[in-house]
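Results of the structural survey
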Amino acid sequence: MKHRFFSKQALPFVLSLFFIGLASYIAAVYSQHHFVIDSDLDGLVQQDAPWKDNLTKTAAEFGESENALVVVVSGTHRRQVQEVTEKLQDDFSADPLFKDVFSPSTLPWLKQQALWFLSAQDFQTFNENLRSVMPKLKGAMSAEPDRAAMQLLAQLNHAIETDDQRASTLLIKVLNQLASTPQKVDWFEVLLPDSSGIHYQIISLNAEPQHDHKEPNRFIIETAHKIIQPYSDDSELQIRITGQTALDFDEINDANHSVKLAGVMSFIGLVVVLGFGIRSLRIIVASYLAVIIGLSWTLALGLWLVGSYNTISIVFLVMFIGLGVDFAIHFCLRLREEQVLHDNNMDCLIASIRGTISPLSLCALTSAIGFLGFYPTAYTGLAELGVISAAGMLMGLLATFSVIPTFFFIFGYPRRKAVRQSNDLGDSAFWLPKHYKLVVGLAALVLVVSGIGASKMMFDFSTLVLKSEKAESVQTLEEIQTQGLTSSYQMMMLATSLPQAESWQAQLTGLPEVSNVISISAFLPKNREQKMAALSQSMNTPPAANLSMNSLSVLESNLAASSVAQSALAANTLPWLQGNDELTIYSRINTAALAPLQQMQASLSGLMQAPTPSYADIPAELSQRYQNDSYLLVVAYPSGDMRNVQQLDSFIKVVKQVAPNATGRPVAEQQVGKIIIKSFIQAVSYSLLLIAVILLLALKHKRDVILTFIPLLLTTLSTMAVAHWSGLALNMANIIVIPLIFGLGVDNGIHIVERFRSVGSARAFYQSSTPRAAVLSSLTTMATFGSLLLADHRGMYSIGFLLTIAIGFLLFYSLTVLPALLFSVKKMDTAAVTDTKSKT
């Protein structure tokens, strides 16, 4: 081995080894210090249009929408949710990181007016409950002080015996509260209708991202979780975080996790494919080293060129594994082929480099063009991916021709294998010459059918479809949207007068596409006078007659047998009643404890006597969110699934029909979608034009350019048709697949056309290393792209899905349709030459 290192031949490999080591060290250090992922999707597209100005104006007038929303969820305990919400608001307000902490339910003014904001059905139930229980409470209050508690229990016993379930249920609730917290009886809770649903309270927060951190939102989310943690032990209470900050944070986590998982699975897939396809440990190790080193160079160069990765461009780090190994496979299989022709390994290596550097460089160039198709467009997110990917193609090519030869020189060349060569290289009796017309005919049929399916392919502009459905922030957002509480997909309208705001609210309320509409007028009670009259009548009902009850055992027996006792409410029916003597029980709800009964009567009377509130009475912290000196804000919330582009479009349409200046995230994403579609058309046009020019310069026969594009067209239409039939739409991430098909697909076309022309027959072509290399490179690429199907990030998943089926179609059409077309052209040329000679 020593003589090899000190020979003249060793100098290039020593220099290559030094270059590889130095470049890899610099790349590793640079990446470690500069790696960052930017999840701000707003920055992925250049936005310079009137709709953007409208959105900016609305934000300037009423501030940015909430960066995060803390959602407190409870199964049944309305009061517990309210108490925890108030504590959380205090805790968040005490932390200097969070600004503008706001929860409407904690405002004293809204608490005072809560009764008037009940829905018509809830108010009716509240009033009926009051009418039912008030006479019995009055009866207890009118009794002798030392018999008030006994009278209250007697009223309960009478209600059970007369099967008055409403009164029984209400009295049980009153007695339980008197026994546990006599001075804090929540009469609103007692009289409100029972609900088996979940009660929600929301705290909106704003916090500035920590831009000096690699993940600006991590500190915000971690701090929020620390504040929430002390309240998370209760199994009946859930506290979750959503909003744009949480959505962005979860998306980065999903992207990181997805890239790591897909990367590991890609390398495992490569082991399997290369192990079965090549069966040479040296080639597998050399290919792996070339891919890993090229990947490290690409990571650093990408950071240097664009500054940071985004949740779309980071997917190339996985894609590079499949694309980089393609170069290695073609080079190593060519080396195997040259070993049959040369006895000296160095001669084999040099011949392999000479034989592959031109087509592989051309393939790298066309792939880079496919990626760079979005660079001149307004879609900066995919433009950055294009720059990184183009750099990756260069790094992959450089790693192939530096790492692999150096590895073979140091550790030894692959073992030579005997290759059986067929002496019959003619096309007679070969399957392709016999059936080439059938292949071309079937290709034409597929072109028509897939074209019909592809024409129905939709574009989904919603960014929600890119995010993981498993993420807490996404699930919580969809849940509260369904409840009509709040949404990141709200539509905002600026009214210039109160009548205009009220008119918009009235027109939008009740539309099936709209779940809720809020303006400043929503905080003034409606139908207050009618409600006051109904409450006054219920309050003035005469007291029930005093009753007698000789023994509490009668009450306990009646409770055990009553239908009320079988209800969910009565699962803990008067637990303090059992196992205690009468004296203890009566002292527990003694005369002093009955004082809240008078307080309730007084508070309801005072509430009804209070003057009707006006706009001036609305607290400033609430009113400033919906009105200022120039405008009034009207906010409409969607009722549909904002992942469904048709429902999102319908929501935008109905709101804009009422208020043409309506804006918000739905409008922004819709308009960005239009920019992306325009960018997509431009990118495909640029890619096709540049690739065609390169092929015209590279291929000797100019009509081969058209033949090369036919499998690419078939692949594109077939991929889009299958995606449509599978229910998948184009989105902000996977839209790059279409121009990429041309960039990657032309590689196989170049190899196949050049090899077919050089060997001169279909049989000789299929016996060469080119088809095998095409199969292996396609399988490794599919293994890499297929690993993205495991990604939680839905944008990455959709890219993996489309590219996997695209590479499959591309391989099939390239090895069947393209050779058939080449053979048909060759036959026509032969016939033309024969005809010319016969005429001569």
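Keep in mind that what you see is a predicted model, and the values were worked out from it rather than measured. (Residues numbered from 1 in each chain as written. Predicted model: local features only at pLDDT ≥ 70, side-chain atom pairs only at ≥ 80, totals over all residues. Heavy atoms only, no water.)

Of the regular secondary structure elements, the protein holds 30 helices and nine strands. At a minimum sequence separation of 6, the contacts of the protein that also span at least 24 residues come to 84%. (Helix = DSSP H or I, 4+ residues; strand = E, 2+ residues; numbered from the N terminus. Contact = heavy atoms within 4.5 Å.)

Okay, the side chain of Ser 623 next. Summarising the element assignment, Ser 623 is placed in helix H23 (residues 620-623). Accessibility expressed as a relative area gives 11% for Ser 623, which makes it buried. Ser 623 has contacts with Ile 520 and Ile 618, leaving out every residue within four places of it along the chain. (Buried < 20%, exposed > 50% of the residue type's maximum accessible area, 1.4 Å probe, protein only.)

A few words on the side chain of Ser 519. Here Ser 519 is to be found in the loop between strand S8 (514-518) and helix H19 (528-539). Of the residues examined, Ser 519 reaches a relative accessible area of 1% and is grouped as buried. Reaching out from Ser 519, the side chain makes a polar contact with the side chain of Ser 521 at a distance of 2.9 Å. If we ignore the near neighbours within four places in the chain, the residues touching Ser 519 are Gln 505, Tyr 626, Leu 633 and Val 634. (Polar contact = N/O pair within 3.5 Å; in protein donor to acceptor, adjacent residues only side chain to side chain.)

For the rest of this paragraph, the subject is the nonpolar core. Of all hydrophobic cores here, the largest spans 196 residues; its most connected members are Phe 316, Tyr 379, Phe 408, Met 493 and Val 655. In terms of residue count, the dominant contributor to this core is helix H30 (residues 794-839) (19 residues). Setting aside its immediate chain neighbours within four residues, Phe 316 contacts Thr 298, Leu 323, Phe 371, Leu 385, Ile 388, Ser 389, Gly 392 and Met 393. By size, the runner-up hydrophobic cluster in this structure holds 31 residues, among which are Trp 116, Val 133, Leu 137 and Leu 604. (Core = buried A, V, L, I, M, F, W, Y, C linked by side-chain atoms within 4.5 Å.)

Orientation of helix H24 (residues 645-658) relative to helix H25 (residues 665-698), taken along the N-to-C sense of each, is 115°, at an axis distance of 10 Å. Considering the angle they form, H24 stands roughly perpendicular to H25. Classified by chirality, the crossing of H25 by H24 is left-handed. Taken together, the residues of H25 that come into contact with H24 (itself represented by Leu 648, Asp 649, Phe 651, Ile 652 and Lys 656) are Pro 666, Val 667 and Gln 670. (Axes fitted to C-alpha atoms, helices over the stretch in contact; angles between N-to-C directions. Parallel < 35°, antiparallel > 145°, perpendicular 65-115°, else oblique. Left-handed = near helix turned anticlockwise from the far one by under 90°.)

What follows deals with H19. Taking 1.5 Å per residue as the helical rise, H19 with its 12 residues ought to reach 16 Å, and the 16 Å between its terminal C-alpha atoms agrees with that figure. Buried residues of H19: Arg 528, Lys 531, Met 532, Leu 535, Ser 538 and Met 539, and no others. Projection of H19 onto a plane perpendicular to its axis shows the buried side chains occupying an angular sector of 125°, all on one side. Those residues of H19 that are exposed and aimed more than 90 degrees away from the buried face are Gln 530 and Gln 537. (Expected span 1.5 Å × (residues − 1). Arc of directions from axis to C-beta.)

Mean pLDDT over the protein: 80, with 85% of residues reaching 70 or higher. Mean pLDDT values over the elements of the protein span from 51, in helix H1 (residues 2-5), up to 92, in helix H18 (residues 498-508). When the criterion is pLDDT under 50, residues 568-572 qualifies, and its contacts beyond four places in sequence or with other chains add up to five contacts. (pLDDT = per-residue confidence, 0-100.)

In this fold, Asn 310 is placed in strand S6 (residues 309-310). Residue Asn 310 is classed as buried on the basis of its relative accessible area of 3%. Between the C-alpha atom of Asn 310 and that of Ile 252, which follows or precedes it by 58 residues, the distance is 8.7 Å.

On to unusual backbone geometry, then. Even without being a glycine, Asp 163 presents a positive backbone phi close to 60°. For Asp 163, the location among the structural elements is in the loop between helix H7 (148-161) and helix H8 (165-180). On the basis of relative accessibility, which here comes to 53%, the residue Asp 163 falls in the exposed class. Phi is positive for Asn 527, which is not a glycine, with a value near 55°.

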